[in-house]
Amino acid sequence: MRSEKNLWLLALGVFGITTTEFGVIGVLPDIATAFHVSIDKAGWLLSAFALIVAFFGPFMMMLFSKTNRKNLLLFSLLLFAAANVLSAFALNFYQLLLIRMLPAFFHPVYWSIALSFAINNSDRQNTSKAVSIIFSGLTVATVLGVPLATFVSAMFNWQGAFLVTAFINVVAFAGVKWWLPPVPAGHTAVASSQQNIFRNRLLWTNLLLAFFIITAMYATYGYMADFLKQVSHMNGSTISMMLLLFGVVGIGGNYLAGRYMSRQPYVTTLLFLLLLSGVHVLLYWLGGTLLPMVLLTSVWGLIHAGGFLISNIQVTSSAPEESELINSIFTSCGNFAVTAGALLGGHWIAGYGIVNVVWASVGCLTIALLILLFKRLRYQRPGL
């Protein structure tokens, strides 16, 4: 694989923008208290960000289709850094919400360029490994970035959490500026080509597959802390350790998914769906016992981490010649799915209780499995 160092530089940027997006989760209670708003209203700091990414992802890449790619990467990181600094000095909740929304428009821009760079600068047999390096920035952000923001807020204040996140983006900006070589713009799709992409039935099949995979992941994972508290009867410190364990083993899971997707994408996806379904069933049966839950959390994190990468490779295989546009579409799909998973999980908990939330995930994974089998029978293409 050519120039792995460049991929790690881009992954550092992914770490920065992902920490910006999700790091706010740990400081929502402090922000709600500071601005005298309810916790569900404070949650719009996360929801509004995700919805902007979901709705505007493909259109942003079309808008900047002729712009120098390295300049776009640098501008995105600089905007994220500036937004975090301004967030720390926001005077009221609505000002903070507006500031948070601005960098969200460039979140899919950075992701799409980084993923396309990985695809276009690696040999065919190493594409999945290259993509896994980019996704490691997401995995590490959930392991270190989000807990770091929460820790800084607890030790100092919520403004400090935003300033630390700004510093991470500045470091990423410096790395990309000084060490990343020029990134040429990829092939720009003309209007007719773009229309052909959206008429691609395989693309829509893979988007449905990705949507149900990611929705399944977040229907239960989004309420993991509450599940460990209510069902497994763990205290706050133990839950923190379980979340850290989940993320650490996820780094290995991300690597394994990238390694085997390059060899056997269909078999890897099939095993992922079956194993993640099995883990959720075991969560239902063993969730109330401490030691089995520790072991199960390890297995859960190992499998769960590969979901985004597997979904991305399935989608981008639909039209590899237009990787930037396809990656922006995937980014939108992923953010819609995360939102749908959170809503589905919350609705399920309200109706059936926290212990039964796993069945929401199992249901979505079953639908994903049926889509995968349909795709295999319908298209009959090697590697699908």
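Since we're looking at a predicted model, the values are computed, not measured.

This part is about the overall build of the protein. Along the backbone of the protein there are 18 helices and zero strands. Over its C-alpha atoms, taken along the principal directions, the protein stretches across nearly 55 × 50 × 35 Å. Residues classed as buried in the protein amount to 54% of the 384 residues present. The contacts in the protein between residues at least 6 apart in sequence include a share of 83% that link residues at least 24 apart. Of the accessible surface of the protein, which amounts to about 16600 Å², a share of 70% is contributed by carbon and sulfur atoms. One finds the centroid of the 19 positive side-chain charges in the protein at a distance of 9 Å from the centroid of its 9 negative side-chain charges.

Glancing now at the layout of surface pockets. Here the largest pocket defines a volume of roughly 1600 Å³. Taken together, 47 residues make up the lining of the largest pocket; nearest its centre are Phe22, Ile25, Leu46, Tyr221 and Gly222. Each residue belonging to the lining of the largest pocket can be placed in one class, and the counts come to 30 nonpolar, 14 polar and three charged.

Inspection of the entire model under this criterion finds four cavities of 30 Å³ or more. When its volume is computed, the largest cavity comes out at roughly 200 Å³. Lining the largest cavity are 15 residues, with His107, Trp111, Leu138, Phe308 and Asn335 positioned closest to its centre. Elements represented by at least two residues in the lining of the largest cavity include exactly helix 1 (4-22), helix 7 (107-120), helix 8 (127-155) and helix 17 (323-352). Tallying contributions element by element places helix 17 first for the lining of the largest cavity, with five residues. Classifying every residue of the lining of the largest cavity by side-chain character gives nine nonpolar, five polar and one charged.

Where nonpolar side chains cluster on the molecular surface, the patch consists of Phe55, Phe56, Phe59 and Phe336 and spans about 410 Å² of accessible area. Mapped onto the elements of the fold, phenylalanine 56 is located in helix 4 (residues 44-63).

Even without glycine at this site, histidine 36 takes up a positive phi of about 55 degrees. By secondary structure assignment, the location of histidine 36 is in the loop between helix 2 (28-35) and helix 3 (39-42).

This structure, assessed with the given rule, holds one salt bridge. Here lysine 129 ties to glutamate 4 by a salt bridge, and the two come within 3.9 Å at their closest N and O atoms. Note that lysine 129 is positioned in helix 8 and glutamate 4 in helix 1, a separation of 125 residues in sequence. What makes lysine 129 partly exposed here is its relative accessible area of 34%.

In an α-helix there are 3.6 residues to a turn, and that puts residues three or four apart on one side. With 14 residues, helix 7 ought to run about 20 Å at 1.5 Å a step, and its terminal C-alpha atoms sit 20 Å apart, in line with that. Counting buried positions along helix 7 yields 13 of 14 residues, so the element is predominantly enclosed.

Let us look at the packing of aromatic side chains. For the coordinates displayed, the defined rule picks out 18 aromatic pairs. The interplanar angle of 45 degrees and the centroid separation of 5.5 Å between the aromatic rings of phenylalanine 64 and phenylalanine 106 together place this pair among those described as tilted. In this pair, phenylalanine 64 is assigned in the loop between helix 4 and helix 5 (69-88) and phenylalanine 106 in the loop between helix 6 (93-104) and helix 7, connecting sequence segments 42 residues apart. A relative accessible area of 11% means that phenylalanine 106 is categorised as buried.

Relative to the elements of secondary structure, serine 87 occurs in helix 5. Those residues in contact with serine 87, other than ones at most four positions away along the chain, are Leu96, Ile99, Arg100, Trp158 and Phe162.

A word on helix 18 (residues 358-379). Relative to the 32 Å expected for 22 residues at 1.5 Å per residue, helix 18 spans 31 Å between its end C-alpha atoms, a close match to the ideal helical length. Inspection of helix 18 places Val358, Ala360, Ser361, Val362, Cys364, Leu365, Ala368, Ile371, Leu372, Lys375 and Tyr379 among the buried residues, and these make up the whole buried set. Those residues of helix 18 that are buried are in contact with helix 11 (201-221), helix 12 (224-230), helix 14 (265-286), helix 16 (307-316) and helix 17.

For the pair helix 8 and helix 16, the least separation of the axes is 10 Å and the interaxial angle reads 135 degrees. Here helix 16 runs oblique to helix 8, going by the angle between their axes. Regarding helix 8 and helix 16, the two cross each other, and that crossing is right-handed. Taken together, the residues of helix 16 that come into contact with helix 8 (itself represented by Ser128, Val131, Ser132, Phe135 and Leu138) are Phe308, Leu309, Asn312 and Ile313. Tallied by class, the residues present in the contact of helix 8 with helix 16 amount to six nonpolar, three polar and no charged.

Each value, and the rule that gives it
- Residues numbered from 1 in each chain as written.
- Predicted model: local features only at pLDDT ≥ 70, side-chain atom pairs only at ≥ 80, totals over all residues.
- Heavy atoms only, no water.
- Helix = DSSP H or I, 4+ residues; strand = E, 2+ residues; numbered from the N terminus.
- Buried < 20%, exposed > 50% of the residue type's maximum accessible area, 1.4 Å probe, protein only.
- Contact = heavy atoms within 4.5 Å.
- Areas by Shrake-Rupley, 256 points an atom, 1.4 Å probe, with all protein chains shown as cover.
- Lys, Arg positive; Asp, Glu negative; His and termini not counted.
- Charge placed at Lys NZ, Arg CZ, Asp CG, Glu CD.
- 1 Å grid on protein atoms, 1.4 Å probe; cavity = no way out; pocket = protein on both sides within 12 Å on 5 of 7 lines; lining within 4 Å.
- Points joined across faces, edges and corners; volume = space filled by probe spheres on them.
- Nonpolar A, V, L, I, M, F, W, Y, C, P; charged D, E, K, R; others polar.
- Patch = residues over 30% accessible without salt bridge, like charges linked within 9 Å, V, L, I, M, F, W, Y side chains within 5 Å.
- Salt bridge = Lys/Arg side-chain N within 4 Å of Asp/Glu carboxyl O.
- Expected span 1.5 Å × (residues − 1).
- Phe/Tyr/Trp six-rings, centres within 6.5 Å; stacked < 30°, edge-to-face > 60°.
- Axes fitted to C-alpha atoms, helices over the stretch in contact; angles between N-to-C directions.
- Parallel < 35°, antiparallel > 145°, perpendicular 65-115°, else oblique.
- Left-handed = near helix turned anticlockwise from the far one by under 90°.

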